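# Residue-level structure breakdown
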Amino acid sequence: MSATILIVEDEHAVARGIQYALQQEGYTVALAKSGEEGLEAAVGQAPDLVVLDVRLPGIDGFEMLRRLRAAGSKAPVLMLTARDDEVDKVIGLELGADDYMTKPFGLRELLSRVKALLRRAYGDLADAQGGRVIRHRDLVIDLERRRVQRGAKRIGLTPTEFEILRHLASRPGRVYTRGELLELLRDYEALDQDEKTINVHVSHLRDKIEDDPARPVFVQTIRGVGYAFAER
Ligand code: CA
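Fair warning: this is a prediction, and the values are worked out from it, not measured in the lab.

On to the overall build of the protein. What the protein contains, in helices and strands, is 8 helices and 12 strands. For the C-alpha atoms alone, the extent of the protein along its principal axes is close to 65 × 30 × 25 Å. Look at the contacts in the protein between residues 6 or more apart in sequence, and 56% of them connect residues 24 or more apart. Working note: accessible area of the protein is about 11,500 Å², and carbon and sulfur atoms make up 49% of it. Measuring between centres, the 35 positive side-chain charges of the protein sit 2 Å from its 38 negative side-chain charges.

Each assigned domain of the protein is listed with its residue range as follows: domain 1 (4-122) and domain 2 (128-229). With centres defined by C-alpha atoms, the gap from domain 1 to domain 2 works out at 31 Å. With 5 residues of domain 1 in contact, the opposing surface of domain 2 contributes 7 residues. Taken together, the two surfaces of domain 1 and domain 2 that pack against each other cover about 500 Å², and 44% of this comes from carbon and sulfur. The largest contributions to the domain 1 side of the interface with domain 2 come from D48, K74 and Y122, which together make up 67% of the buried area. Summed over the shared surface of domain 1 and domain 2, the number is 1 salt bridge. When the shortest N-O distance is used, the salt bridge between D48 and R135 registers 1.8 Å. Taken together, domain 1 and domain 2 are joined by 2 residue pairs in polar contact (both at pLDDT 80 or more). Looking at the side of domain 1 that touches domain 2, its residues break down into 2 nonpolar, no polar and 3 charged.

On to the nonpolar core, then. Counting residues in each nonpolar core, the largest one holds 24 residues, and the members touching the most others are I141, V148, L165, I209 and V219. When contributions to this core are tallied by element, the ones reaching two or more residues are strand 7 (139-142), helix 6 (159-170), helix 7 (178-186), helix 8 (196-209) and strand 12 (226-229). Among the elements that take part in this core, helix 6 stands out by supplying 5 residues, more than any other. Apart from the residues within four sequence positions on either side, V219 is in contact with L165, L168, V202, L205, R206, I209, E210, Y227, A228 and F229. Core analysis: the second largest hydrophobic core is formed by 23 residues, I7, A21, Y122 and V133 among them.

An order of 6-7-8-9 is seen for the 4 strands of this open sheet, with the pairing classed as antiparallel. Where the open sheet ends on each side, the last strands, each with one partner, are strand 6 (133-136) and strand 9 (153-155). Taking each pair of neighbouring strands and ignoring which way they run, the sheet shows an average axis angle of 25°.

Moving on to the layout of surface pockets. In this model, the largest pocket occupies a volume close to 590 Å³. Lining the largest pocket are 32 residues, and of these G72, S73, K74, R137 and D138 lie nearest its centre. Those elements giving two or more residues to the lining of the largest pocket turn out to be helix 2 (35-45), helix 5 (107-122) and strand 6. Ranked by the residues each element gives to the lining of the largest pocket, the list is headed by helix 5, at 4 residues. The residue makeup of the lining of the largest pocket, split by class, is 12 nonpolar, 5 polar and 15 charged. Residues lining the lining of the largest pocket come from more than one domain, with at least three contributed by each of domain 1 (4-122) and domain 2 (128-229).

Once that is clear, we can look at the sheet that holds strand 4 (residues 77-81). A sheet is described by the order of its strands in space; here 5 strands give the open sequence 2-1-3-4-5, paired in parallel fashion. Either end of the sheet is taken by a strand with one partner, and the two such strands are strand 2 (28-32) and strand 5 (99-102). Adjacent strand axes in the sheet meet at a mean angle of 20°, parallel and antiparallel pairs treated alike. Pairing between strand 1 (residues 4-8) and strand 3 (residues 49-53): 4 bridges, direction parallel. Each bridged residue has a counterpart across the sheet, and for L6 the counterpart in strand 3 is V50. The strands touched by helix 1 (residues 12-24) are strand 1, strand 2, strand 3 and strand 4; relative to strand 2, the strand with the most contacts, the crossing angle is about 165°. Across the sheet, helix 5 touches strand 1, strand 3, strand 4 and strand 5, and the angle it forms with strand 5 is around 175°.

Definitions and limits used
Residues numbered from 1 in each chain as written. Predicted model: local features only at pLDDT ≥ 70, side-chain atom pairs only at ≥ 80, totals over all residues. Heavy atoms only, no water. Helix = DSSP H or I, 4+ residues; strand = E, 2+ residues; numbered from the N terminus. Contact = heavy atoms within 4.5 Å. Areas by Shrake-Rupley, 256 points an atom, 1.4 Å probe, with all protein chains shown as cover. Lys, Arg positive; Asp, Glu negative; His and termini not counted. Charge placed at Lys NZ, Arg CZ, Asp CG, Glu CD. Domains from an automatic or database assignment. Buried area = accessible area lost by both parts, 1.4 Å probe. Salt bridge = Lys/Arg side-chain N within 4 Å of Asp/Glu carboxyl O. Polar contact = N/O pair within 3.5 Å; in protein donor to acceptor, adjacent residues only side chain to side chain. Nonpolar A, V, L, I, M, F, W, Y, C, P; charged D, E, K, R; others polar. Core = buried A, V, L, I, M, F, W, Y, C linked by side-chain atoms within 4.5 Å. Buried < 20%, exposed > 50% of the residue type's maximum accessible area, 1.4 Å probe, protein only. Pairing = 2+ DSSP bridges. Axes fitted to C-alpha atoms, helices over the stretch in contact; angles between N-to-C directions. 1 Å grid on protein atoms, 1.4 Å probe; cavity = no way out; pocket = protein on both sides within 12 Å on 5 of 7 lines; lining within 4 Å. Points joined across faces, edges and corners; volume = space filled by probe spheres on them.

Structure representation (C-alpha cells):
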C-alpha cells in the first residue's frame with residue numbers, strides 16, 4: 001500500500017524534514033501549514049495517516065483533531081509537540097490521537113511510529129506494494145489477493161460482490177448502468193440476466209462494507225442510471 005500521509009506543521013524546516021523522510025520510504029506526502037488548511041486536506045483528500053503538530057497558527061492541533069474526528073475521520077493521527085508536556089499528551093489521546101511524539105525527535109523514530117500506526121490501522125494490507133490496492137477512507141481492496149478490509153477488519157465478499165466492487169472502485173465516479181455491470185460479470189459467473197439481480201448483489205455488498213447501508217458512503221446509487229464508487 002502506497003500510503004498517503006498528511007503533515008500539518010507550520011514550521012517549514014520541520015515539515016520539510018518529515019516530508020523528505022517519508023518520501024524516501026515511498027509514501028505520498030501532502031503538506032498543510034495551518035489547522036484550517038490541514039482540516040480541509042484531511043477531510044477532502046482522506047489521507048491514510050496524519051502527522052499533526054499541536055502548535056499551529058489559527059486553530060491548534062487539538063482543535064483540528066477534535067473537528068477531524070467529529071467529521072467521521074478514523075485516519076490514524078500522530079501528534080507532535082514542542083514540549084514534553086503530560087497535559088498535552090493526555091488531551092491529545094483523549095481527543096483521539098493514536099500516538100504522540102515530543103520535539104525534537106529523530107526521523108528514524110518517526111518512521112517507525114508511522115509504520116506501526118499504518119500496520120495497526122490497516123493490518124497486513126499496510127505491507128502490500130504498488131497500485132494493486134485501492135483505498136477509500138478505511139476501505140481497502142487488495143485486487144491481487146482479492147481481499148477487502150475496513151480498517152484491520154477483514155470482510156468476506158462473494159465472488160460476484162467482489163467483482164462489482166472491483167469494477168466500481170477501479171474508476172471512482174464513473175457511473176455503471178446495471179446492464180453494463182451484468183455484461184462485465186457475464187464472463188465471470190452465470191448470472192440471471194435480469195438487471196434487478198445487480199440490485200440484490202449491490203444490496204448485499206452494502207450490508208457488508210457500509211456503516212449504514214441505507215446511506216452508503218462507498219457504493220452510491222445514481223438514480224435512474226446505476227451505480228458509482230465514491231470519488232475521493
Ligand atoms: Ca508548529
